[in-house]
Amino acid sequence: MQNEPFFRIDGDHYVPTPASRGPWNPNSLHGRVIIGLLGHEIERLYGGPDYIPGRLTVDMYRLPDLSPVEVTTRVVRDGYRIKVIDAEFVSGGVSAGRATCQLLRRTEPTTGNVWKPDNWDAPKPADIPVPQDPRMGMGGMWAMRPITGAFGTVGPRKTWMSEVRELVEGRALTPFTRVAVAADFASPFANAGDKGLEYINTDITVYLHREPTTEWVGFEVINHGSTDGVGIGECLLYDEAGPIGSAACCALAQKRAAG
């Protein structure tokens, strides 16, 4: 990859590059790199070919700046079939987010029939023209091939997304890291409306029954709901071979309540 990575390694710390800036403040990190780095570090230290990261939940409770980051981890459960790992995102010595991940051991598939929704009917990314609007990829933070719907409109939305840079310099993106970095997009994709994005996401939970086998991750909005400024959003996730899981988030209206 020729594009600047999101992080460079300096001893025990990850140093953010300018590419990791988010949309809310030019001196703050994008949520996707927080989620991605927590997932990456859990997988790097505790993952393996015998396990699938079945669930990753990340709480984001502080907007970190571009200070060096330390990710600390703790083993909650180290079982043969189920591993549970906690991780904390510490920016400039201050905790800004935390994650918990279930690593589930691969086993024999079941033989019974279970209902599931139909696979989405979507063209392949290679068959979709490259969008001309640079905002679709946030100025080069990712690549996108929109399928249905657009920001600023109200209606169904589907899109393909692919990473264009390393998360950590010198470390190839694993299939799980691709999903972890992309997962933050579930919030704006599900929660933006005809007045733009009026919510900040406070968490993300990704469920995977398998890891993607292609570079493109597909998002399909299936739910949005909000009351009193508290919202939720949900997307189904795909790769080019079919469904891989889902992503769900909580969101909070940016406008503070009076009083």
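The model shown is predicted, which means the values in this text are computed figures rather than measured ones. (Residues numbered from 1 in each chain as written. Predicted model: local features only at pLDDT ≥ 70, side-chain atom pairs only at ≥ 80, totals over all residues. Heavy atoms only, no water.)

Now for the overall build of the protein. Each helix and strand in the protein was counted, giving three helices and 13 strands. Radius of gyration (C-alpha) of the protein: 18 Å, near the 18 Å computed for a compact globule of 259 residues. Counting every position in the protein, which comprises 259 residues, the buried fraction comes to 45%. Here the analysis covers contacts within the protein between residues at least 6 apart in sequence; of these, 66% occur between residues at least 24 apart. (Helix = DSSP H or I, 4+ residues; strand = E, 2+ residues; numbered from the N terminus. Rg over C-alpha atoms; globule rule 2.2 N^0.38 Å. Buried < 20%, exposed > 50% of the residue type's maximum accessible area, 1.4 Å probe, protein only. Contact = heavy atoms within 4.5 Å.)

For the rest of this paragraph, the subject is the state of the cysteines. Tallied over the full model, the rule gives zero disulfides. Between Cys235, a free cysteine, and Cys249, which holds the nearest cysteine sulfur, the sulfur-to-sulfur gap is 7.3 Å. Of all cysteine sulfurs, the one in Cys250 lies closest to Cys249, which takes part in no disulfide; the gap is 7.2 Å. (Disulfide = S-S within 2.5 Å.)

With that settled, the discussion passes to the nonpolar core. Looking at soluble globular proteins, one finds that nonpolar side chains tend to be buried together. One finds Phe7, Leu37, Leu56, Ile204 and Phe219 to be the most contacted residues of the largest nonpolar core, which totals 52 residues. Looking at this core, the element that brings in the most residues is helix α1 (residues 31-46), giving six residues. When residues no more than four places from it in sequence are discounted, the contact partners of Leu56 are Ile35, Gly39, Ile42, Ala99, Thr100, Cys101, Phe176, Ala180, Ile204, Thr205 and Val206. Trp120, Ile128, Trp160 and Trp216 belong to the second-largest nonpolar core, a separate cluster that totals six residues. (Core = buried A, V, L, I, M, F, W, Y, C linked by side-chain atoms within 4.5 Å.)

Attention now goes to the environment of Met60. Tracing the backbone through its elements, the reader meets Met60 in strand β3 (residues 51-60). In the structure, Met60 is positioned 136 residues away from Gly196 in sequence and 21 Å away in space, judged by C-alpha atoms. If near-sequence neighbours (up to four positions away) are discounted, Met60 is found in contact with Gly31, Ile34, Ile35, Ala96, Gly97, Asp184, Asn201, Thr202 and Asp203.

Let's shift gears to the packing of aromatic side chains. By the definition in use, this model includes eight aromatic pairs. A centroid spacing of 5.1 Å and a plane angle of 65° characterise the contact between Trp120 and Trp160, whose relative ring orientation is edge-to-face. Separated by 40 residues along the polypeptide, Trp120 in the loop between β6 (94-105) and β7 (142-148) and Trp160 in strand β8 (residues 158-163) bring together distant segments of the chain. As far as the burial class goes, Trp120 and Trp160 line up, both buried. Considering the side-chain rings of Trp120 and Tyr238, the 4.1 Å spacing of their centres and the 10° angle between planes classify their relative orientation as stacked. Highlighted residues: Trp120 in the loop between β6 and β7 and Tyr238 in strand β12 (residues 230-239), separated in sequence by 118 residues. Assigned by exposure class, Trp120 and Tyr238 land together as buried. (Phe/Tyr/Trp six-rings, centres within 6.5 Å; stacked < 30°, edge-to-face > 60°.)

Moving on to helix α2 (residues 175-182). Across the eight residues of α2, seven count as buried, placing the element largely inside the fold. Every buried residue of α2 is accounted for by Phe176, Thr177, Arg178, Val179, Ala180, Val181 and Ala182.

What follows deals with the environment of Ala180. For Ala180, the position within the fold is in helix α2. Considering only alpha carbons, one finds Ala180 and Ser246, 66 residues apart in sequence, at a separation of 11 Å. Ignoring sequence-local partners within four residues, the contact set of Ala180 consists of Arg32, Ile35, Gly36 and Leu56.

All right, on to the pattern of salt bridges then. Under the definition given, this model contains eleven salt bridges. Here the residues in one salt-bridge network are Glu4, Arg8 and Glu169, joined through shared partners. (Salt bridge = Lys/Arg side-chain N within 4 Å of Asp/Glu carboxyl O.)

Turning our attention to the side chain of Thr177. Examined against the element boundaries, Thr177 turns out to sit in helix α2. Once residues within four sequence positions are removed from consideration, Thr177 is found in contact with His40, Glu43 and Leu167.

This next bit is on a nonpolar patch on the surface. Among the surface-exposed residues, Trp24, Leu63, Ile200, Val230 and Leu252 lie close enough to one another that they form a single nonpolar patch of about 440 Å² accessible area. Here Leu63 is to be found in the loop between β3 and β4 (69-78). (Patch = residues over 30% accessible without salt bridge, like charges linked within 9 Å, V, L, I, M, F, W, Y side chains within 5 Å. Areas by Shrake-Rupley, 256 points an atom, 1.4 Å probe, with all protein chains shown as cover.)

Moving on to the side chain of Ser91. Within the fold, Ser91 resides in strand β5 (residues 82-91). The class for Ser91 is buried, based on a relative accessible area of 7%. Leave out the neighbours within four places in its chain, and Ser91 touches Pro64, Asp65, Ser67, Pro68 and Val69.

So, about the pairing of strand β10 (residues 203-208). A large share of β10 lies buried, amounting to five of its six residues. Bridging between β3 and β10 involves five bridges; their strand directions are antiparallel. In the strand pairing of β10, Val58 is matched with Ile204. Here four bridges tie β10 to strand β13 (residues 242-253), and the two strands are oriented antiparallel to one another. Residue Thr205 lies in a different strand from β13, and its bridge partner there is Ala248. (Pairing = 2+ DSSP bridges.)

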